[in-house]
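A closer look at the structure
Spelled out, the chains give:
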Amino acid sequence: MWKEITEREAGRIGPYSFANRITSSRISSLQLSNYKEIVSPHRGSINSLQVDLTEGRYLLSGATDASAAVYDIQRPSIYDGTGLVAKHKHIFVIDKQHEHGHKYAISTAIWYPVDTGLFMTGSYDGYINVWDTNSTQVVVNFKLPGKVYRAAMSAMATSHMLIAAGTEDVQVRLCDIASGAFTHTLSGHRDGVMAVEWSTSNEWILITGGCDGAIRFWDIRRAGCFHVLNQSHTQLGRRQPLLEGSSINKVLTSKSSSEGSSIRPRGLQKRTVAYTKQSSIRNQGQGKGSVKQRLHPGMLSSQDRATAHYGAVTGLKVTEDGMYLLSAGSDSRLRLWDIESGCNTLVNYETVRLQTSKAIQLAVTQDSSLVFVPCMTAVKAFDVWSGKTSLTFRGHYEYVNSCWFNSRDQELYTGGNDRQILIWGPSKLVSDEMDDKRRKGQIPLLDEDNWSD
């Protein structure tokens, strides 16, 4: 770290490069925190974790004992006897004893994206409750046909307040907080839906993964899904950069303006041909005398029955830039998809064992370089593009179900069947420890001595 500071002082690296290096260094040193601890009030498995997106301060958890709890992860409740470990107790907890509490296990607990005044819980009792954080009372609830496996809200939505709910029913339902009613029913899956995820680049795009092994893309402004991922449709590595794509578009534009010209750049010839083929398919049926019409992908039986995994899709996570999708399945496979092309990127992730009977919660770093995956009793961090294991976190005594990465503090939170919520943080600097001790009065200030009154 001191090397980066020296180079920054000398002006050899820019501010953004300096920040990225420090962040990467902190992430690479993640370990079980020995100075920060969460006191869990849950008496069942932890199924869901999320830190609020506005302040990055409050952690929300949901468990199988039908309880949900909120913690302040920046301001500790108490310190242990040595004064070195900060313990964070729950601010409040909602359980079965609450008049509007859930009867069965809470499978998902999420914050309202733009305000910590509301949070949502989904349960196996078939209800999604929207809670007022200050009064801990239910503002509105939705009754769904079956167990709620997963629920999600768009973090970038400005035009709607929709909760996407995946249940054991084959249909995905969108619940509107503003009206308290269902606005959409999305049909296409042939079995229950265990994973739902909103796009991080478009507030109207929803991605769902079902027990039928299919991953479907929906534009909620239109009827039917517009794409179904197929694991046999592949591309090797990343897509071409945007600048290169724009140059191709310029070539095509100049070509169309000057008819009869057959001159193309050599390096772009093959890609240009492929692009023109796709554009000809798009324009098929629009020319004079054509009778064929391009069918909606959801209407083509071969594409509609495509599968992304040989088994249920148990987890989905879109990268922060909105360009790629990570999926986990009961076939113990982890796959990376290019959202734009809909292709499997063929990244060969190292062998893992994943849970097959319930949904799991994945997490990614802000720069989308690492993905954190619950692998039975451990959590593994994989390099997104090489597929190699970068870090392995072992601390839980039973299966891990959920994880959440806090990009502000570079901390990882994990919850499992052992009822514990563990914090994995970067190694603490000596200067930080000295500041803590001075704050607690254990070390005298620089202008004080030990012998005078």
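Here, every reference points to the structure presented above.
Only a predicted model underlies this, so the values are computations on that prediction, with no experimental measurement involved.

**Details of the sheet that holds strand E7 (residues 86–88)**
Across the sheet, which stays open at both edges, the 3 strands sit in the order E2-E7-E6 with mixed pairing between neighbours. One side of each edge strand has no neighbouring strand; the edge strands of this open sheet are strand E2 (36–38) and strand E6 (78–79). As defined by bridge partners, E6 adjoins E7 across 2 bridges and the pair is classed as antiparallel. From the neighbouring strand, Ile-78 faces E7, where its bridge partner is Lys-87.

**Things to note about the packing of helix H1 (residues 2–10) against helix H2 (residues 15–28)**
Where H1 contacts H2, the two axes come as close as 10 Å, and the packing angle between them is 175°. Between H1 and H2, the interaxial angle falls into the category roughly antiparallel. Residues Glu-4, Ile-5, Glu-7 and Arg-8 of H1 touch H2, and the partners they reach there are Pro-15, Phe-18, Arg-21 and Ile-22. Its residues assigned to classes, the contact of H1 with H2 comprises 4 nonpolar, no polar and 4 charged.

**A closer look at the pattern of salt bridges**
When the charged atoms of two side chains lie near each other, side chains of opposite charge can form a pair. One pass over the structure, following the stated rule, counts 5 salt bridges. Here Arg-221 ties to Asp-219 by a salt bridge, and the two come within 3.0 Å at their closest N and O atoms. Judged by relative accessible area, Arg-221 falls into the exposed class, the value being 54%. Here Arg-335 ties to Asp-331 by a salt bridge, and the two come within 3.7 Å at their closest N and O atoms. For the pair Arg-335 and Asp-331, a shared accessibility class is recorded, and that class is buried.

**Concerning the sheet that holds strand E22 (residues 324–329)**
Strand order in the open sheet formed by 4 strands is E21-E22-E23-E24, with antiparallel pairing between adjacent strands. Across the chains shown, the open sheet's two edge strands, defined by having one partner strand only, are strand E21 (313–318) and strand E24 (343–344). As paired strands, E21 and E22 are joined by 5 bridges and run antiparallel to one another. Paired with Gly-315 across the bridge in E22 is Ala-328.

**Re the environment of Thr-365**
Counting through the fold element by element, Thr-365 comes out in the loop between strand E25 (363–364) and strand E26 (370–375). The class for Thr-365 is buried, based on a relative accessible area of 1%. Considering only alpha carbons, one finds Thr-365 and Ala-381, 16 residues apart in sequence, at a separation of 9.9 Å. When neighbours within four sequence positions are excluded, Thr-365 is seen to be in contact with Ile-27, Glu-320, Leu-370, Phe-372 and Phe-405. At 2.8 Å, the side chain of Thr-365 and the side chain of Asp-367 are in polar contact.

**Thoughts on the nonpolar core**
Among the nonpolar cores identified, the biggest contains 17 residues, and Leu-334, Leu-336, Tyr-349, Leu-354, Val-371, Val-373 and Phe-382 are the most heavily contacted of them. Contributing elements (two or more residues each) for this core: E22, strand E23 (334–338) and E26. Beyond its immediate stretch of four places on either side in the chain, Val-371 contacts Leu-326, Leu-334, Ala-363, Val-364, Lys-380, Ala-381, Phe-382 and Val-384.

**Structural notes on the environment of Ser-123**
Within the element layout of this structure, Ser-123 appears in strand E10 (residues 118–123). It is 10.0 Å that separates the C-alpha atoms of Ser-123 and Gly-101, two residues lying 22 residues apart in sequence. Those residues within four positions of Ser-123 in sequence are excluded, and the remaining contacts are His-102, Tyr-104, Ala-105, Ile-106, Ser-107, Lys-147 and Val-148.

**Some points on the packing of aromatic side chains**
In the structure shown here, the tally under the stated rule is 11 aromatic pairs. Measuring from ring centre to ring centre gives 6.2 Å for Phe-119 and Trp-131, while their planes differ by 10°; the resulting arrangement is stacked. Of this pair, Phe-119 sits in strand E10 while Trp-131 sits in strand E11 (residues 127–132), placing them 12 residues apart in sequence. Ring centres of Tyr-349 and Phe-382 lie 6.0 Å apart, and the angle between their planes is 80°; this geometry places the pair in the edge-to-face category.

Here is what the cut-offs are and how they apply
- Residues numbered from 1 in each chain as written.
- Predicted model: local features only at pLDDT ≥ 70, side-chain atom pairs only at ≥ 80, totals over all residues.
- Heavy atoms only, no water.
- Pairing = 2+ DSSP bridges.
- Helix = DSSP H or I, 4+ residues; strand = E, 2+ residues; numbered from the N terminus.
- Axes fitted to C-alpha atoms, helices over the stretch in contact; angles between N-to-C directions.
- Parallel < 35°, antiparallel > 145°, perpendicular 65-115°, else oblique.
- Contact = heavy atoms within 4.5 Å.
- Nonpolar A, V, L, I, M, F, W, Y, C, P; charged D, E, K, R; others polar.
- Salt bridge = Lys/Arg side-chain N within 4 Å of Asp/Glu carboxyl O.
- Buried < 20%, exposed > 50% of the residue type's maximum accessible area, 1.4 Å probe, protein only.
- Polar contact = N/O pair within 3.5 Å; in protein donor to acceptor, adjacent residues only side chain to side chain.
- Core = buried A, V, L, I, M, F, W, Y, C linked by side-chain atoms within 4.5 Å.
- Phe/Tyr/Trp six-rings, centres within 6.5 Å; stacked < 30°, edge-to-face > 60°.

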